[in-house]
Structures are given as structure tokens and as C-alpha cells.
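What follows is each chain in one-letter form.
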Amino acid sequence: MRSRRKGQVAVSKTGLVEVWRIPPLLLLPFVENAFKHGVSPEAAQAWLNISISAEVGHLKCVVENSRVGERPSNGNAGLGLENVRRRLELLFPDRHRLSILAERDSFMVVLELNDRS
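What counts and how
- Here the residue index of a chain counts from 1 through its sequence in written order.
- Thresholds applied to this predicted model are a pLDDT of at least 70 for local features of residues and 80 or more for the giving and counting of side-chain atom pairs; totals over whole chains, interfaces and linings are not thresholded and use all residues.
- Just so you know, side-chain values use all the structure's heavy atoms and leave hydrogens and water out.
- Numbering of helices and strands starts at the N terminus; helices are DSSP runs of H or I of at least 4 residues and strands are runs of E of at least 2.
- Partly exposed residues are those whose accessible area sits between 20% and 50% of the maximum for their type, while under 20% is buried and over 50% is exposed, using a 1.4 Å probe and protein chains only.
- Two residues form a contact once any of their heavy atoms are found within 4.5 Å.
- For the area figures, the Shrake-Rupley method with a 1.4 Å probe applies, and any residue is considered shielded solely by the protein chains shown.
- Side-chain atoms within 4.5 Å are what join buried Ala, Val, Leu, Ile, Met, Phe, Trp, Tyr and Cys residues into a set we call a nonpolar core.
- Strand pairing requires that DSSP identify at least two bridges connecting the strands.
- Fitted lines through C-alpha atoms give the axes, limited to the stretch in contact for helices. The angle between two N-to-C directions lies from 0 to 180 degrees.
- What makes a salt bridge here is a side-chain nitrogen of Lys or Arg within 4 Å of a carboxyl oxygen of Asp or Glu, nothing more.

Enquirer: Please clarify how the overall build of the protein should be interpreted in this entry.
Expert: The helix and strand inventory of the protein stands at two helices and five strands. When the helices and strands of the protein are placed in sequence order, the string is β-α-β-β-α-β-β. Within the span of the protein, comprising 117 residues, buried residues form 31% of the whole. Pairs at least 24 apart in sequence give 67% of the contacts found in the protein among residues at least 6 apart. For the protein, the accessible area works out to roughly 8200 Å², and carbon and sulfur atoms hold 53% of it.

Written as C-alpha cells, this is what we have:
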């Protein structure tokens, strides 16, 4: 099914991204949520930015999207992000930082991974 929603999508990568090996689909919930909630028909200017940067020993992924007002909770809100938190604890204990920032007009997820403690 195609969506009639429109918006600006920007994707960028910098640094040594190719040398990093992360578990399949680890970043999918962040991107999926950004499309689901960020490209809203209520937004006059919907946008979504995905940025991945890497250097030796450090990977940073930022997914940010536009946001229109408060979204009502349906009881499942945050379940995907909570599952990612648990996976990160198992896969990268003491080697990750996950920040989620909800502003009035934007929502941002920042994941940082270190290859050593």
C-alpha cells in the first residue's frame, strides 16, 4: 500500500561506516518509527533525517523526524524502543548509549556504540 504522505527525507553517512558490523535490523525500529510518526498528514513540512557516522572505535546513529503535537498512547507506545534497549544491553553491555529526545516539533533517537569499554 502506498502512502500519500509527503515529506523530505535525508540520509547521510560519514567516516568508517563500512568497517562496523552490527546485528541485522538493530536500527530498523528507529527508522520505522520515524516514518510512522514523522511523516504525518498533519505536518505542514514533514521531514526525516538519518545520519550514521563512524570512526575507529565509535559508531553514532541519529534518526530525527518532525512531530506534530502530542500523540495519544495506545498502550503499545514505546514497545519497539524498549525491545531495542533490551537487545543493546545483551549485545553491547557497557558499550552503548541510547538517548531519546522528544521536543514539541521533533523527535530524535541517538545511538552510540563503542567497540570496547
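Still more ground to cover, so stick around.
Enquirer: Help me understand the nonpolar core in this model?
Expert: The nonpolar side chains of soluble globular proteins are, as a tendency, buried together. With 20 residues, the main nonpolar core has L26, F30, V63, L88, L98, L111 and L113 as its most contacted residues. Counting residues per element, the ones that place at least two in this core are α1 (28-38), β2 (47-55), β3 (58-66), α2 (79-91) and β5 (106-114).

Enquirer: Can you walk me through the side chain of N65 in this structure?
Expert: Residue placement: N65 occurs in strand β3. Relative accessible area serves as the criterion here: at 4%, N65 is assigned to the buried category. For N65, the contacting residues outside a window of four places in its chain are A34, H37, G38, W47, L48, D105, S106 and F107.

Enquirer: Help me understand the sheet that holds strand β1 (residues 8-15) in this model?
Expert: Adjacent strands of a sheet pair through backbone hydrogen bonds, lying either parallel or antiparallel. The mixed open sheet is built from five strands, whose spatial order is β1-β2-β3-β5-β4. Both edges of this open sheet fall to β1 and β4 (96-102), since each of them pairs with a single strand only. Direction aside, neighbouring strands of the sheet carry axes that sit 5° apart on average. Of the strand pairs in this sheet, β3 and β5 are connected by nine bridges, and their pairing is antiparallel. Bridge pairing links C61 to L111 in β5.

Enquirer: Mind showing me how you'd approach the pattern of salt bridges here?
Expert: Two side chains with opposite charge may pair up if their charged atoms get near one another. All told, the structure shown has four salt bridges when counted by the stated rule. Note that E18 and K13 form a salt bridge whose closest N and O atoms lie 2.5 Å from each other. The class of E18 is partly exposed, set by a relative accessible area of 47%. For K13, a relative accessible area of 53% corresponds to the exposed category. Residues D105 and R104 are paired through a salt bridge, measuring 3.3 Å at the closest nitrogen-oxygen approach. Judged by its relative accessible area of 44%, D105 is partly exposed.

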